[in-house]
Amino acid sequence: MDDDYMASFTPLFLTESLEMAMEVENENSKPSCFSCVFDNQNGGRSFSSESYLASGSLKRLLLRLDPSPNDYEEDTVEMFGFQWVTEMALVESCRLLFGLLRQRIHGLENLVQMSSSDFSQAANLHSEAESIRHQCIEFLHYVKVFIFRYLEPPRAENDGMLHPYEELEAQVPSLLVEELHALTLQIGHLFELSSSVLAAFTIQHQAKLFPPSWHLLHLHLDIHWLVLEILHVLGEKMMRQVVYANHFMNLTGENLTSISLFETHCGNLICDLISISINKYIKVRPSEALTSHHYPCTCIKELWILLIQLLDHRNKGSHTESFWSSVNKNLKNIFERPSSSDRMSVFETNQCKDPLSFSWWIITHLASLYQFDRNGNLDEKKESNWKFVEELLKKSIDAQTGVLEEQLRMHLQCCLTLCSFWDLNLSVATILWDYYSKNLNSSFTVPWLGLKGLANVSKTPLSMLELVKSCCCDQQIPALYKSSNSYLIFLSILARMMKEEAENSGVHPWKQIKGRIYSKFHRRRMQELTEVGLQNFFNLFLMLAIVAEREDIVSRVLDLLDFLTPSSVTVCQRALIWRGQFAFLLIYVEKNMDISVLAEKLSNAFREKAKEFLVNKNDYTQKQNLWTLLSTYIDGVQEVFETSCNLNLSQEKLLNDGFTMLLPACRGAELSMVLNFLQVVLARLRSVHKRVSQGLQLGNTAANAQLPLVAKEHHLAVASALWRNFFPYLKSQRMAQMPPSPQLADTAAGFTLLALDMPSKALSDLQPQPVLSMMQLFGWDDMVWPQLVSRYLSHLIQNSALYEAFSSMGYTSYEALTVRSWFRCILQMFIDQPTGMLAKTDAERTVGKVYMEQLIEMTRLVFKLKEVENVLSKANVEESVFKQDPKNALVQFIKAVGRTYGGLQTLPEKSAMVAKTLEYLGDVLKYVKPYLKVKGPPEGLQLTYWIIGCLVKFWAPILATSKAQQLLFRIIDCLLLPHSVLQQDKELPVALLSAIQESLPLYLQHLLLLNLKNYLILGLSFICCQSQTQGPYLNQLLGSIIQQYFGRFLPSSPTAPGAGVHPMVLALCSSVTVSQMLHLRKTTLNVINEHYLQFKGNAPPPRLASVLAFILEVLQRTESTELHDINLVLPAVLKCMVLLNELQVKKISTDILQYMVEGCQAGSGGEHATQLTSVFRQFIQDYTAVYDHRVFSILEIVAVSDQTLVTCLIPTITQSLKDSEHKQGLGRNTAQREAYKRLLSHLTEAGQNEIDTKNGK
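So, a few notes on the structure that sits alongside this text. Quantities reported herein were computed from a predicted structural model and do not represent experimental measurements. In this convention, every chain numbers its residues from 1, walking through the sequence in written order. For a predicted model such as this one, the threshold for reporting local features is a pLDDT of at least 70, and the threshold for listing and counting side-chain atom pairs is 80 or more; totals across whole chains, interfaces and linings nevertheless cover every residue. Note: side-chain values were computed over all heavy atoms of the structure, leaving out hydrogens and water.

Working definition: helices are DSSP H or I runs of at least four residues, strands are E runs of at least two. Numbering for both runs from the N terminus. When helices and strands are counted, the protein chain shows 60 helices and two strands. Out of the 1257 residues in the protein chain, the part that is buried amounts to 52%. In this description, contact between two residues means that some pair of their heavy atoms is separated by no more than 4.5 Å. Considering only contacts in the protein chain between residues 6 or more positions apart, those separated by 24 or more positions represent 76%. Residue burial considers only the protein chains on display, and all accessible areas are found by Shrake-Rupley using a 1.4 Å probe. Accessible surface computed for the protein chain: about 56100 Å², of which carbon and sulfur atoms make up 51%. Residue burial is assigned from relative accessible area. The probe radius is 1.4 Å, only protein chains are included, and a residue is buried under 20% of its type maximum, exposed over 50%, and partly exposed in between.

A regular strand carries its side chains on alternate faces of the sheet. As paired strands, strand S1 (residues 76–79) and strand S2 (residues 82–85) are joined by four bridges and run antiparallel to one another. If you follow Glu78 over to S2, its bridge partner there is Gln83. Between S1 and S2, which pair antiparallel in sequence order, lie two residues; one of them, Phe80, sits at a positive phi of approximately 55°. The rule for pairing is simple: two strands pair if DSSP sees at least two bridges between them.

Looking now at the packing of aromatic side chains. Each Phe, Tyr or Trp ring (for Trp, its six-membered ring) is paired with any other whose centre lies within 6.5 Å, and the angle between the two planes then decides the class: stacked below 30 degrees, edge-to-face above 60, tilted in between. In total, this model carries 64 aromatic pairs according to the counting rule given. With a centroid separation of 6.2 Å and 65° between ring planes, the pair formed by Phe323 and Tyr370 is classed as edge-to-face. Taken together, the residues Phe323 in helix H13 (residues 323–336) and Tyr370 in the loop between helix H15 (355–369) and helix H16 (386–397) connect sequence positions 47 residues apart. Here the two residues Phe323 and Tyr370 agree in accessibility, since each one is buried. Taking 6.5 Å as the distance between ring centres and 80° as the angle between the ring planes, the aromatic pair formed by Phe863 and Phe893 counts as edge-to-face.

What follows deals with empty space enclosed by the protein. In this analysis, the protein atoms alone were mapped onto a 1 Å grid. Cavities are point sets where a 1.4 Å probe fits without being able to get out; pockets are open sets with protein on both sides within 12 Å along at least five of seven lines; lining residues have an atom within 4 Å of a point. Grid points are joined across faces, edges and corners, and a volume is the space filled by probe spheres set on the points. As enumerated under the stated definition, the model contains two cavities of 30 Å³ or more in all. In this structure, the second largest cavity spans a volume of roughly 30 Å³. Looking at the second largest cavity, the residues that line it are Arg1081, Leu1085, Ile1111, Val1114, Leu1115, Asp1125, Val1129 and Met1156. Residue assignment for the lining of the second largest cavity shows that the elements contributing at least two residues are helix H51 (1074–1091) and helix H52 (1104–1118). Per-element accounting of the lining of the second largest cavity gives the leading share, three residues, to H52. Classifying every residue of the lining of the second largest cavity gives six nonpolar, no polar and two charged. Lys, Arg, Asp and Glu make up the charged group, whereas Ala, Val, Leu, Ile, Met, Phe, Trp, Tyr, Cys and Pro make up the nonpolar group; the residues left over, Gly among them, are polar.

A few words on helix H54 (residues 1130–1139). By the criterion of burial, H54 is predominantly enclosed, with eight of the 10 residues buried. Inspection of H54 places Leu1130, Ala1132, Val1133, Leu1134, Cys1136, Met1137, Val1138 and Leu1139 among the buried residues, and these make up the whole buried set.

This part takes up the pattern of salt bridges. One speaks of a salt bridge when a side-chain nitrogen belonging to Lys or Arg is within 4 Å of a carboxyl oxygen belonging to Asp or Glu. Applying the stated criterion across every chain, the model contains 33 salt bridges. Arg149 is the partner of Glu73 in a salt bridge, and the nearest nitrogen-oxygen pair spans 3.6 Å. Pair noted here: Glu73 is in the loop between helix H3 (57–62) and S1 and Arg149 is in helix H6 (residues 122–149), with a separation of 76 residues, a long-range link. The exposure class of Glu73 is exposed, given its relative accessible area of 53%. For Arg149, a relative accessible area of 21% gives the class partly exposed. A salt bridge links Lys916 to Glu919; the shortest N-O distance between them is 3.6 Å. Within this pair, Lys916 and its partner Glu919 are both found in helix H41 (residues 907–921), separated by three residues, close to a single helical turn.

Running from N to C, H16 and helix H18 (residues 426–436) cross one another at 5°; their axes reach a closest spacing of 10 Å. Judged by the inter-axis angle, H16 sits roughly parallel to H18. Counting all contacts with H16, which are made through Trp386, Glu390, Leu393, Lys394 and Ile397, the residues of H18 involved are Ser427, Val428, Ile431, Leu432 and Tyr435. Partitioned by chemical class, the residues of the contact of H16 with H18 number seven nonpolar, one polar and two charged. Helix axes use the C-alpha atoms of the stretch in contact, all axes being lines fitted to C-alpha atoms, and the angles between their N-to-C directions lie in the range 0 to 180 degrees. Between 65 and 115 degrees an angle is taken as roughly perpendicular, under 35 as roughly parallel, over 145 as roughly antiparallel, and anywhere else as oblique.

The next point concerns helix H26 (residues 571–590). Each residue after the first adds 1.5 Å to the expected span of a helix. Its 20 residues give H26 an end-to-end C-alpha distance of 29 Å, which sits within 8% of 28 Å, the value for a rise of 1.5 Å per residue. Buried residues dominate H26, accounting for 16 of its 20 residues. Count one or two residues on from H26 and you reach Asn592, which has phi positive near 60°.

Of all hydrophobic cores here, the largest spans 407 residues; its most connected members are Phe541 and Phe1176. Residue contributions to this core peak at 14 residues, all from helix H9 (residues 212–237). Those residues in contact with Phe541 that sit more than four places away from it in its chain are Ile517, Tyr518, Phe521, Ile553, Val557, Leu560 and Phe584. Buried Ala, Val, Leu, Ile, Met, Phe, Trp, Tyr and Cys residues that are joined via side-chain atoms within 4.5 Å together make up what is termed a nonpolar core.

Within the secondary structure, His411 is located in helix H17 (residues 405–421). According to the relative accessible area criterion, His411 is buried, its value standing at 1%. Side chain to side chain, His411 and Ser396 meet in a polar contact 2.9 Å long. Aside from chain neighbours lying at most four places away, what touches His411 is Leu356, Ser357, Trp360, Ser396 and Val403. For this analysis, a polar contact is any N or O atom pair within 3.5 Å, provided that within protein one partner can donate a hydrogen and the other can accept it, and provided that sequence-adjacent residues contribute only side-chain to side-chain pairs.

Another aspect to go through is a nonpolar patch on the surface. Together, Val242, Tyr244 and Ile259 make up an exposed nonpolar region whose accessible area comes to about 240 Å². Looking at the secondary structure, you find Val242 in the loop between H9 and helix H10 (246–252). Patches were defined on residues exceeding 30% relative accessible area and lacking a salt bridge, with like-charge contacts within 9 Å and nonpolar side-chain contacts (Val, Leu, Ile, Met, Phe, Trp, Tyr) within 5 Å.

Function cannot be inferred from these measures alone, as they are strictly geometric.
Put into structure tokens, the structure is as follows:
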């Protein structure tokens, strides 16, 4: 019948005996044996199905059931190849059968000796050896069955005659004892087996064919166990009466009984198993003790379990020796090693070098075997051996024993493991505490573990607490060897006892042991503690505070620490004390207990040290020592805030006025640490406050509904402490002489958001609108460092709550002022760089890179402002083009504003746009004043002229308005016409003139510099045309600018190295309206005529060739000739051609002349031709008398391009010739007339007519 089906109908009151009887049908008839061969059908069990445990053999033995209920039911049984009568075999042939058994054992031993490495015989040898082993096991199982079924128990003395069979039967028990004794003598000790046989333990269990040595070894194990089973069954059958081996006693005179044989054989077997374990332990490292088992194969493991079950079962039924008692006795013999004991020959043969560690090791592993029940299944049975372990523990900590830390760790690992197996014993903790209380200053290190073995003094309160917590929770004990020292393992043992004893007994063990712990600490002992000792001190009491009465313990710790005088404590010790106290604070926070008492004690100590830090801020050594303590306090407070759930436990007590003294004395990394800490506290406060406030809004009506209200009060107290003790320093640093650290901006942003969340606690000078005041202080103030502003605003620009706050208070300039700050941050991006042209250091490059990344992020955020998005949308500007370069982005925004203004139609719209634009811009000249003041750095000057040039060019219509003209005049005064420029005899600084050259490739440097000036001039020319009220003044300014910068950027020679395109040329040739171009051209040429083409007598002006080259380039690029060109330029050019012989000047002048004549040809007869003719008439009249040949040469050149023009001039030339002759009074001047005739010959018909006329006369 199916097992499950039967189980469902089995009454609950059935005993195990009846259950076993019902399972008989399903039992395997194959006799039980030791087997470490696992098949795939084992079902995940720990032992083979043939084993004594899994087959139920042990269970039947202990329940006094038939050992093999399905076997030996026939009248005869085959044993050793012969048929025997089942019920009589052992009575009639006991000695013969045991003799056959010994023969088979001997035969198997011979097979072992005969076996070789010939694999062809492996199968035959395996089969034969397996058969012999099976016969031997089967016979011994038969002996058990015979005793159980057929052996009659002892009867009362009977005077009557007994049947001969009955007489033989009565002798069977005695014969069995004798034969079993003889069998044990034959097989001997396990350790006496040859090494080749013992090596069979290492054969892989997955093998299919085993050598004879494997079968012999396992047969020995079977015999050792079956002898004990048979003796136990015999004793039960004989009703526990002593069976004497009469024949043996008569022969030898020695006493041999069933009980003595059982005890002797059991003791020998345990001794053998311990010997095998010693051989295994020799190869075990202390760090691997718990993971290295004490048995070479599962058969030995099973044999240990069988012994545990059998001996403890017998111990319960009678006063026989228990398993632990027998093991303890053997282990004690290892320590004593008496030479007279036969049993100790085992230990003399296999000497154990470290019997103490071995004892710990094997006791721990044997204790784990108690988890298996009589079926081989896991059970929760606990059978402790604490008394013997206490003796081991005393030896482990005995100074005379000389146990090293590496051994002690392993011993305590074993002890901790035993605590998990057995009911706890407080005496163990007492023994260990007596030892460790005397050695608190020890570091408990293992040298060969390297850094892992060093004493760890915790660096932070949280790490100290986490270390102790690890001692209070279930851990992977094998890993503790390397991760923990022996002292921490002791704390784990103590913590486990504190917790489990309290749970099981209801009486907290702390009350039993605290007197012992407290008594070890007094004033002298506390003053003797080193830094390591204090660490161990805190580890102990932190652990106790977690598992016991924390308030009592903390109070005691504070009293003990008061024994330490300031003079007796080093800086490192004081820092450790603070960390320890903070660790207690963290426990309070975790348990949701108020921390005010301990927090005030700590914060008062912090205040004193912060005061010393301020006083000794110039004493480096003293400052370093104090900073060790102060940084410890900061770390501790930060961890308290980070681990606090609701910040309702008086955390504000930790933020006292000590910080007001600490912050002014901090420098560099110190300040960075404090500001980072402050940011953490601000963020934590805001996060917790938000969560608690949401709980209040939800209307929590639970029992803990009062919690949010209390928490909110504490939050306000924390906020007040932050504003009072931190913000004044923050405010004072916004205008420091050096650029502030990024953390300052981050922290200021945190305070701004705190003002948004809890405005009532902001300082009085920020009220009534603290958020607006914060923005004005750190975001919109033109005097604050741009690095601070850009980072500060980047935190806040996209904050929706902040935007809503400004909207609700009706402050409409929020976005415009933010854009203004963005303008300033970009313009001042080089403000902190040195003005010289020295190479930048790596640090300066890094700072510049960080700030550039910051500006990129700020630019991205600014372009998401609604006002900016609106401007860009109207101007059709795409963000992707310039999002990576803030400077280009600014220029694009300037262009977009200009386009947007140009698209407006109504006057109110334009007026509003001008106002908004000026709000965007602010006092732009104030932003660049630092560059102009020191004439550097070059990058700053480049950026200044470029950006403001773009402003003047693209915002020209805006700057032409009455609202913006004052700004324009200031731009001209500051950038183009400063006092230094007006001093013609004084050279401008190199940095100013080289502003572009350091940032771009050489061939572009000059071009860009010209472009910068070009933007300004173009814009001004437009404004001069547009402005009505200030037209004359603007024209005057424009002329002054041209006058100053035309010469500044004019090369010494047209062919001078580096001579490029003059900025005036680019300005004149840009695509502007005709009126703008004409106005600028006229002004430029007028300035050139007045200041750069005037001869001093006959001496030419300086750089004349360059001036003429400029004029020529303008004519070439514009491809047009204007009236004012003729009036302003042509007379001077003609004068140069007449008076100068320099080839370069004459060539350029000739080219100009040809360009102007050709430019006027299209208008011949018109206004241009008339004006041109007028200029030439005046030229002829002025120079013919003296320079007649040159005049005629020039006119010949003109005639090539325009004969009509020269033809019109014939009357003037003729009259001038006559006047010259008349003035000379010498009659006709033949040379002049010949020159004139040559000129006329170029004029075709009109010229010939004039020649004829003169000849006729």
